[in-house]
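Descriptive structure summary
Chain by chain, the residues:
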Amino acid sequence: MAKSPEEEHPVKAFGWAARDQSGHLSPFNFSRRATGEEDVRFKVLYCGICHSDLHSIKNEWGNAAYPMVPGHEIVGVVTEVGSKVEKFKVGDKVGVGCLVGACHSCESCSDNLENYCSKLILTYNMPNHDGTRTYGGYSDTMVAPERYVVRIPDNLPLAAVAPLLCAGITVYSPLKYFGFTQPGMHIGIVGLGGLGHVGVKFAKAFGVKVTLISTSPSKKKEAIEHLGADSFLVSRDPEQMQAAMGTMDGILDTVSATHPLLPLLGLLKNNGKLILLGTVAGSGIGGMKETQEMLDFAAKHNVTADIEVVPMDYVNTAMERLAKADVRYRFVIDIGNSLSATKP
């Protein structure tokens, strides 16, 4: 007979889980594996709330297995390392993003693109190598192979760095891959939300000219004065769109809602590229090597997410607000200071 989540593994763990597709989260006792020789175990201090957590707990992608502990923007402090771990020691600040495993023998894995491995193991809601389910970061402790753990640079505040492990790498990776990093280039970023606001920050850190493209004129002040965009374009204003035609080298589209792409294509120069980020579920993130590179770059240029820190027992309200896009720009759960108080 299958063991209960609490008895599957030797290390007791506590978190919040969804039990069905209502998506309602509540306290949950489970267990994690013992620290293997290549594993890093850490005390979770903060975990970002990503839009994919909301899709997953409500089974909007049709692949949910319950009980589900979401969370793949996880940061904390190392409490134990396996005998073969070389890069981390007890006390180090670390993070785990969307991945905790892959095959390590395919072409993608050898190119440090574990995110495109056909056998990738996501941080939650997936069978692990041993057949048990993976549980995410809305929990007190995390364990993952060294390869999937990143070092958090000392000068970055832990809470505000958490969303970079998903939102950050999701915008950093295409900016690098498509060469949108040459000073003098002009890049458009569509949508001012969790992805878009970090996209503006990274693009500016690379030294390119950034135009924020939005349907809401009310976001202009925020985009320019607070986030540092060079200009602002209202996509519903035909005159503004006409005036900007053929001016951009590339566009990162971070909007997940259905919206017309044709007007955006008109903004591009010849051979310009429109990159869709917000419309594809699955793995648009980045490999582990690049995720570490992104964090080091963020530390050098002081790039963090704009966050609202919330206690664990606020999570269901946070999900309701996230569904209405009522957050600037990412929720982060203060696991370290509020989770243990919710134990039944």
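Here, every reference points to the structure presented above.
The present account deals with the structure reproduced in this document. (Residues numbered from 1 in each chain as written. Predicted model: local features only at pLDDT ≥ 70, side-chain atom pairs only at ≥ 80, totals over all residues. Heavy atoms only, no water.)

**Things to note about the side chain of Asn-316**
For Asn-316, the position within the fold is in helix 10 (residues 315–323). Overall, Asn-316 belongs to the buried group, its relative accessible area being 15%. Polar side-chain contacts of Asn-316 include one of 2.8 Å to the backbone nitrogen of Leu-25. Ignoring sequence-local partners within four residues, the contact set of Asn-316 consists of Trp-16, Gly-23, His-24 and Leu-25. (Helix = DSSP H or I, 4+ residues; strand = E, 2+ residues; numbered from the N terminus. Buried < 20%, exposed > 50% of the residue type's maximum accessible area, 1.4 Å probe, protein only. Polar contact = N/O pair within 3.5 Å; in protein donor to acceptor, adjacent residues only side chain to side chain. Contact = heavy atoms within 4.5 Å.)

**Digging into the nonpolar core**
Counting residues in hydrophobic clusters, the biggest one holds 59 residues, and the most contacted among them are Val-75, Leu-164, Ile-189, Phe-202, Leu-212 and Leu-295. Secondary-structure elements contributing two or more residues to this core are strand 3 (39–49), helix 3 (158–161), helix 4 (167–177), strand 10 (186–190), helix 5 (194–206), strand 11 (209–214), strand 12 (231–234) and helix 9 (288–301). Per element, the largest residue contribution to this core is seven residues, and it comes from helix 5. Beyond its immediate chain neighbours, meaning those up to four positions away, Val-75 contacts Phe-42, Lys-43, Val-44, Leu-45, Tyr-46, Val-94, Gly-95, Ile-152, Leu-158, Val-161, Ala-162 and Leu-165. Leu-54, Ile-57, Val-310 and Leu-339 belong to the second-largest nonpolar core, a separate cluster that totals 42 residues. (Core = buried A, V, L, I, M, F, W, Y, C linked by side-chain atoms within 4.5 Å.)

**Let's talk about the layout of surface pockets**
One number sums up the size of the second largest pocket: a volume of about 470 Å³. Elements that contribute at least two residues to the lining of the second largest pocket include exactly strand 2 (25–32), strand 6 (99–101) and strand 8 (141–145). Broken down by element, the residue count for the lining of the second largest pocket peaks at three residues, all from strand 8. Partitioned by chemical class, the residues of the lining of the second largest pocket number six nonpolar, 10 polar and 11 charged. (1 Å grid on protein atoms, 1.4 Å probe; cavity = no way out; pocket = protein on both sides within 12 Å on 5 of 7 lines; lining within 4 Å. Points joined across faces, edges and corners; volume = space filled by probe spheres on them. Nonpolar A, V, L, I, M, F, W, Y, C, P; charged D, E, K, R; others polar.)

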